[in-house]
Amino acid sequence: MPLSDEAVGTLAVVASVLGAALLPVLTYELKAGLHPITFSLATLVPALLACMVWHAVTGRELGLVVRGPHVMYFMLIGILGFVVPLTLIAWLADAGVPGTTISVLLLTEIVYTLVLGPVVLNERIGAKNIGAALLVVAGAYLAIASEPVRLAGIWPVALLVPLSWQFAHLTYRTRLSGYEPFDVLYARLFYSTAFLFIGSIVLVSPGARIPPLDPTALSRLVVTGVFCHFMSLSFWYVALSKINLTKATTMIMTYPAVSFVLFTLIGTPASASQWAGLVLATTGAMAAGLIPSEHHSEPIGPTLAVEKDKNA
């Protein structure tokens with residue numbers, strides 16, 4: 001018996017949650033001393049190749065992202081969607097910020113949404129939205145309250161990761177909403193890979209650009225890129241086409257909690273205040289996802305086949 005659209009959509013968003021949750025965990029586990037730029041590039045190249053193959057098989061145009069009036073926005077979404085957050089997470093791993101702390105701080109993206117939505121998209125927020133945001137802020141505070149003082153100047157960098165993703169969302173919503181989400185994903189992978197390649201030449205020493213990797217390590221990097229960058233986002237688009245946005249958004253916001261649990265399962269210690277922060281922040285994020293939108297403004301950019309995207 002074939003699965004219903006609801007079942008397919010639910011399974012797709014679960015797969016998307018798993019991919020998003022695994023990204024920070026695998027970054028910590030697989031980075032193994034690689035330069036942040038080198039590591040990010042090593043995961044994006046296989047994702048880009050997988051996306052190009054999929055585009056070719058499905059008959060989508062590969063040259064769309066290098067011409068036209070929106071090339072600069074395609075570049076911007078590559079920088080904000082992948083280059084900045086991926087290199088920052090890899091850098092935070094080197095800096096010694098616990099993965100559990102990063103997991104909770106990723107939930108602050110919902111706070112950025114509630115702050116930037118009314119300013120940029122003319123969206124309305126009510127008392128319930130503010131209450132949900134305050135829960136997330138309280139949870140984030142508890143997550144960092146037990147951190148050593150030496151990390152006080154470092155952990156705020158983690159807040160730039162969800163902020164960068166949020167600016168990527170806004171770029172999509174206001175300037176690129178007329179494009180199919182899969183084309184935006186291709187552009188995001190294409191330009192982020194290009195910029196990181198240039199960055200590796202300029203900023204990474206020759207010996208660290210292409211370090212020797214055994215086949216097992218290389219295969220893990222390839223699987224991480226294909227699943228966490230390409231397939232996870234593709235599953236998200238499938239989910240949006242099958243189930244309603246509120247359900248999909250509420251489910252996807254569980255990914256930091258899944259990351260947190262995965263970190264603890266691989267041996268990362270978590271304090272009682274971090275667990276409390278996780279509960280508060282996740283409750284606030286999921287509550288925000290369940291609050292009906294009071295107003296949706298029309299995107300500023302082209303409006304052909306608009307699809308809302310959590311990750312583009």
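Refer to the structure printed above.
The paragraphs below set out a description of the structure included in this document. Numbering of residues begins from 1 in every chain and follows the order in which that chain's sequence is written. For this predicted model, a pLDDT threshold of at least 70 governs which residues receive local features, and a threshold of 80 or more governs which side-chain atom pairs are given and counted, while totals over whole chains, interfaces and linings are taken from all residues. Computation of side-chain values: all heavy atoms of the structure, hydrogens and water removed.

### Topic: the packing of aromatic side chains
Then, number 1: Two rings belonging to Phe, Tyr or Trp (six-membered ring only in the last case) form a pair when the distance between their centres is within 6.5 Å. Interplanar angles under 30 degrees mark stacking, angles over 60 mark edge-to-face geometry, and anything in between is tilted. In this structure the tally under the stated criterion is seven aromatic pairs.
Then, number 2: With 5.0 Å between their ring centres and 85° between their planes, Phe190 and Tyr191 make a pair best called edge-to-face.
Then, number 3: Judged by relative accessible area, which is 25%, Phe190 ranks as partly exposed.
Then, number 4: The buried label applies to any residue whose accessible area, calculated with a 1.4 Å probe on protein chains only, is under 20% of its type's maximum; exposed applies above 50%, and partly exposed to all values in between. Using a relative accessible area of 7% as the deciding quantity, one classes Tyr191 as buried.
Then, number 5: A network of ring pairs unites the aromatic residues Trp54, Phe182 and Tyr237 as a single cluster.
Then, number 6: When the ring centre of Phe82 is taken as origin, the NZ or CZ atom of Arg188, which lies over that ring, is 4.1 Å away. Consider the ring centre and the ring normal. A charge sits over the ring if Lys NZ or Arg CZ is within 6 Å of that centre and within 35 degrees of that normal.

### Quick look at the pattern of salt bridges
Then, number 1: A side-chain nitrogen of Lys or Arg and a carboxyl oxygen of Asp or Glu constitute a salt bridge if their distance falls within 4 Å. Under the criterion given, the structure shown has four salt bridges.
Then, number 2: In this structure, Lys242 and Asp5 form a salt bridge, with 3.6 Å as the shortest nitrogen-oxygen distance. With Lys242 in helix H10 (residues 215-242) and Asp5 in helix H1 (residues 5-30), this residue pair connects regions lying 237 residues apart in the sequence.
Then, number 3: Here Asp5 falls in the partly exposed class, since its relative accessible area comes to 47%.
Then, number 4: Among the salt bridges present, the one from Asp183 reaches Arg60, with a minimum N-O distance of 3.7 Å. Secondary structure follows DSSP: runs of H or I at least 4 residues long count as helices, runs of E at least 2 residues long count as strands, and numbering of each begins at the N terminus.

### Overview of the packing of helix H2 (residues 36-58) against H10
Axis angle and axis distance: for two packed helices, these are the angle between their axes and the distance between the axes, and together they describe the pair.
Then, number 1: Direction vectors running N to C along H2 and H10 enclose 60°, while the axes themselves pass 7 Å from each other. With respect to H10, the axis of H2 lies oblique. Here H2 and H10 pass one another in a crossing that is right-handed. Between H2, through Phe39, Ala42, Thr43, Leu44, Pro46, Ala47, Ala50, Cys51 and Trp54, and H10, the contact on the second element is made entirely by Leu221, Val222, Thr224, Gly225, Val226, His229 and Phe230. Between the N-to-C directions of two axes lies an angle of 0 to 180 degrees, each axis being a line fitted to C-alpha atoms and, for a helix, fitted only over the stretch in contact. An angle below 35 degrees is treated as roughly parallel, one above 145 as roughly antiparallel, one from 65 to 115 as roughly perpendicular, and anything else as oblique. Left-handed describes a crossing in which the near helix is turned anticlockwise from the far one by less than a right angle; the clockwise case is right-handed. What makes two residues a contact is simply this: any of their non-hydrogen atoms within 4.5 Å.

### Considering the nonpolar core
The tendency in soluble globular proteins is for nonpolar side chains to be buried side by side.
Then, number 1: Core analysis: the largest hydrophobic core is formed by 75 residues, its most contacted members being Phe74, Leu92, Val136, Leu176, Leu189, Trp236 and Tyr255.
Then, number 2: With ten residues, helix H3 (residues 71-95) is the single largest residue contributor to this core.
Then, number 3: Leu92 has contacts with Tyr28, Val97, Ile102, Ile154, Val157 and Ala158, leaving out every residue within four places of it along the chain.
Then, number 4: Grouped together as the second largest cluster of nonpolar side chains are five residues, Leu30, Phe39, Ala90 and Leu221 included. Here, nonpolar core refers to any group of buried Ala, Val, Leu, Ile, Met, Phe, Trp, Tyr and Cys residues whose side-chain atoms link them within 4.5 Å.

### Side note on the packing of helix H6 (residues 127-145) against helix H13 (residues 272-290)
Then, number 1: Between H6 and H13, the least distance of the axes is 7 Å, while the angle of their chain directions is 160°. On the basis of the axis angle, H6 is roughly antiparallel to H13. Considering the relative orientation of H6 and H13, their crossing is left-handed. Residues Ala132, Leu135, Val136, Ala138, Gly139, Leu142 and Ala143 of H6 touch H13, and the partners they reach there are Ser273, Gln274, Ala276, Gly277, Leu280, Ala281, Thr283, Gly284, Ala285, Ala287 and Ala288.
Then, number 2: Amino acids outside the nonpolar list (Ala, Val, Leu, Ile, Met, Phe, Trp, Tyr, Cys, Pro) and the charged list (Asp, Glu, Lys, Arg) are all regarded as polar, and Gly is one of them. For the contact of H6 with H13, the class distribution of residues is twelve nonpolar, six polar and no charged.

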